[in-house]
Amino acid sequence: MVSGEAWARVRFERAVAPHLEALHARARRVVGCDGLAWDAVQETLLRAWTRSSLPEEPRGVLLDLVHLSSLHLLRCARRRHDHESTAAGDASACCADDPLVHVTDAETRARITRGIADLAEEYRSVLQLVAIEGASYQSAAERLGIPIGTVRSRASRARAQLRQWMDVA
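Residues numbered from 1 in each chain as written. Predicted model: local features only at pLDDT ≥ 70, side-chain atom pairs only at ≥ 80, totals over all residues. Heavy atoms only, no water.

Visitor: Could you clarify how one ought to interpret the environment of Leu68 in this entry?
Guide: Among the secondary structure elements, Leu68 is positioned in helix H4 (residues 59–95). Residues Leu68 and Val30 lie 38 residues apart in sequence; the distance between their C-alpha atoms is 9.6 Å. (Helix = DSSP H or I, 4+ residues; strand = E, 2+ residues; numbered from the N terminus.)

Here it is as structure tokens:
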């Protein structure tokens, strides 16, 4: 014999399961990323579960709820970003007069410069274009006359070598 709550869960799962992909697609269009879209779907399902009942055809209600959940998650993410940016700005302002910060920054820049200089030319030129000048992989490939895949692999290897060099130095 199935308990009332277990039966309610089974009915709920049967009602919402056919709509999960549509819910995810709607949330993905609003938030622009899979992880946040699934978070919005989960929030929507929690809201729907706590309602007294779902309509016979719940698709419209669920799509409206997922849209609202997606907007809410976006607003929360923006507020968090704004708050963190403000806090980071305050922290950098308070440390601006600290001589240790200037010495540490200068030492780090010098170590990175030495590390880049120690890279093989093929890696250094790609890293210079992509990471320092901000060129796209396509632009770097055209400027260097090499395939875009080569640019990507060289940039990846250059970063890995530089990270390794920074860990050792």
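Visitor: Explanation requested: helix H3 (residues 34–50) in the structure shown.
Guide: Given 3.6 residues per helical turn, the α-helix brings residues three or four places apart onto the same face. A rise of 1.5 Å per residue sets the reference length of H3, with its 17 residues, at 24 Å; its end C-alpha atoms lie 24 Å apart and thus fit the reference within 8%. Within the span of H3, buried status applies to Ala37, Ala40, Val41, Thr44 and Ala48. Projection of H3 onto a plane perpendicular to its axis shows the buried side chains occupying an angular sector of 100°, all on one side. (Expected span 1.5 Å × (residues − 1). Buried < 20%, exposed > 50% of the residue type's maximum accessible area, 1.4 Å probe, protein only. Arc of directions from axis to C-beta.)

Visitor: Looking at this structure, how should I read the nonpolar core?
Guide: The nonpolar side chains of a soluble globular protein tend to be buried, and buried together. Ranked by size, the top nonpolar core spans 15 residues in total, and within it Leu23, Ala27, Ala40, Val41, Leu62 and Val66 carry the most contacts. Listing elements by their share of this core, those giving two or more residues are helix H1 (4–16), helix H2 (20–31), H3 and H4. Here this core takes 5 residues from H4, the largest share from any one element. Beyond its immediate chain neighbours, meaning those up to four positions away, Leu62 contacts Val16, His19, Leu23, Thr44 and Ala48. Residues Ala141, Ile146, Val151 and Ala155 belong to the second largest nonpolar core, which totals 9 residues. (Core = buried A, V, L, I, M, F, W, Y, C linked by side-chain atoms within 4.5 Å. Contact = heavy atoms within 4.5 Å.)

Visitor: Just to check I follow, could you spell out the environment of Val66 for this structure?
Guide: Positionally, Val66 belongs in helix H4. Separated by 40 residues in the primary sequence, Val66 and Arg26 have C-alpha atoms spaced 7.3 Å apart. When residues no more than four places from it in sequence are discounted, the contact partners of Val66 are Leu23, Arg26, Ala27, Ala40, Val41 and Thr44.

Visitor: Looking at this structure, how should I read the packing of H2 against H3?
Guide: Two packed helices can be described by the angle between their axes and the distance between those axes. In contact at an axis separation of 8 Å, H2 and H3 are set at 125° when each is read in the N-to-C sense. Taken together, H2 and H3 sit at an angle that is classed as oblique. Relative to H3, the crossing made by H2 is right-handed. Counting all contacts with H2, which are made through Leu20, Glu21, Leu23, His24, Ala27, Arg28 and Val31, the residues of H3 involved are Asp34, Leu36, Ala37, Trp38, Ala40, Val41 and Leu45. Class assignment for the residues of the contact of H2 with H3 results in 10 nonpolar, 1 polar and 3 charged. (Axes fitted to C-alpha atoms, helices over the stretch in contact; angles between N-to-C directions. Parallel < 35°, antiparallel > 145°, perpendicular 65-115°, else oblique. Left-handed = near helix turned anticlockwise from the far one by under 90°. Nonpolar A, V, L, I, M, F, W, Y, C, P; charged D, E, K, R; others polar.)

In short, shape yes, function no, at least from these values alone.
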